[in-house]
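Next come the chains, spelled out residue by residue.
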Amino acid sequence: MKITFLGTGTSTGVPAVVCDCPVCKSDDPRDKRFRSSVWLSFAGRSVLIDTTPDLRSQVLNNNIRRLDAILFTHAHADHIFGLDDIRRFCMLQKAAVPCYADPQCAADIRRVFSYALVENAHLQKSFCPLIDLHDIDEPFDLFGQTIQPIPLRHSAERILGYRLGGFAYCTDCSAIEPESLAGLRGLEVLVLGALRPRPHPAHFSIEQAVKVIEGLAPKRAFLTHLGHSVRHEQLSMELPEGIEVAHDGLSIDMDCPA
Ligand SMILES: [Zn+2]
Ligand SMILES: [Zn+2]
Ligand SMILES: [Zn+2]
């Protein structure tokens, strides 16, 4: 399986609009962060986790040529508002894209993107995306790979992370319940959201994320969903061995037994 970080930034992206801070003005390309998502390639298939408002640029920058499925973590704008941009794939592939979300997130997507639902295809008059949306809460098979939803706390909300074999993607979390932590043991690669050094009600701070990672002890860990108080080079030097700062365009190859 190949994992590519399409975006590693918090909801504003980095640089943030109207900000002259040193990170927003940084010359280091790793300090430019689109909104957070990853692209997974396995079994000859192309799968996204989340469709950010930056999706079009992310697809072009990474030369993504087809799309076979989308997994959604939650329905905040920075994770779903690029969904309309999948319509080129729908047209070229002449098919709806299967999408997976927990019941709350699926309800929000049905409300916001009602025009894109395959069951409403007969109402479409122009060039629209088409999605076949499935509510999920239990592990399911996708192209021969078991996808395990991992419930996470995001402030008061319950959202999903996902585990595929030895890989897990958990963004936008402020707490992880013991049952979910149990589902994140024995990982090769863990991607975990961490906003900034200071605490935040909806996101792990860097220190909180490091503590979770040290408790789970994956072989490698990457921090994502970073804000503009994090300079890539500086944080990379400060993190313990085995914990890395993700950046847009970074790819990891790993074996991923189902
Ligand atoms: Zn977010
Ligand atoms: Zn800034
Ligand atoms: Zn969120």
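Residues numbered from 1 in each chain as written. Chains lettered and ligands numbered in written order. Predicted model: local features only at pLDDT ≥ 70, side-chain atom pairs only at ≥ 80, totals over all residues. Heavy atoms only, no water.

Engineer: Help me get a handle on the environment of Ser11, residues and values and all.
Structural biologist: For Ser11, the position within the fold is in the loop between β1 (2-7) and β2 (37-42). Here the alpha-carbon distance between Ser11 and Ser36, two residues 25 residues apart in the chain, equals 7.9 Å. When residues no more than four places from it in sequence are discounted, the contact partners of Ser11 are Arg35, Asp78 and His225. (Helix = DSSP H or I, 4+ residues; strand = E, 2+ residues; numbered from the N terminus. Contact = heavy atoms within 4.5 Å.)

Engineer: Mind laying out the nonpolar core, listing which residues take part and the relevant values?
Structural biologist: One finds Met1, Leu40, Leu71, Leu142, Leu164 and Phe167 to be the most contacted residues of the largest nonpolar core, which totals 28 residues. Within the residue set of this core, elements represented by two or more residues are β1, β2, β3 (45-49), β4 (69-71), β7 (140-142), β9 (157-164), β10 (167-170) and β11 (189-193). Setting aside chain neighbours within four positions, we find Leu164 in contact with Met1, Leu40, Phe42, Gln145, Thr146, Ile147 and Cys256. (Core = buried A, V, L, I, M, F, W, Y, C linked by side-chain atoms within 4.5 Å. Buried < 20%, exposed > 50% of the residue type's maximum accessible area, 1.4 Å probe, protein only.)

Engineer: Describe the coordination of the zinc ion (ligand 3), and please don't skip the residues or the numbers.
Structural biologist: Around the zinc ion (ligand 3), the protein contributes the donor atoms His74 (NE2), His76 (ND1), His154 (NE2) and Asp172 (OD), which lie 2.2 to 2.4 Å from the metal centre. In this structure, the zinc ion (ligand 3) is surrounded by 4 donor atoms whose angles at the metal cover 91 to 170 degrees, and the resulting shape is irregular. Along the chain, the residues donating to the zinc ion (ligand 3) fall in the pattern H-x1-H-x77-H-x17-D. For the pair the zinc ion (ligand 3) and the zinc ion (ligand 1), the metal-to-metal distance amounts to 3.5 Å, and Asp172 bridges them. Note that His76 is positioned in the loop between β4 and α2 (77-80) and His154 in strand β8 (residues 145-154), a separation of 78 residues in sequence. The class of His154 is buried, set by a relative accessible area of 2%. (Donors = N, O, S within 2.8 Å, 3.2 Å for Na, K, Ca; no water. Tetrahedral: all angles 85-135°; square planar, octahedral: opposite > 155°, others 65-115°.)

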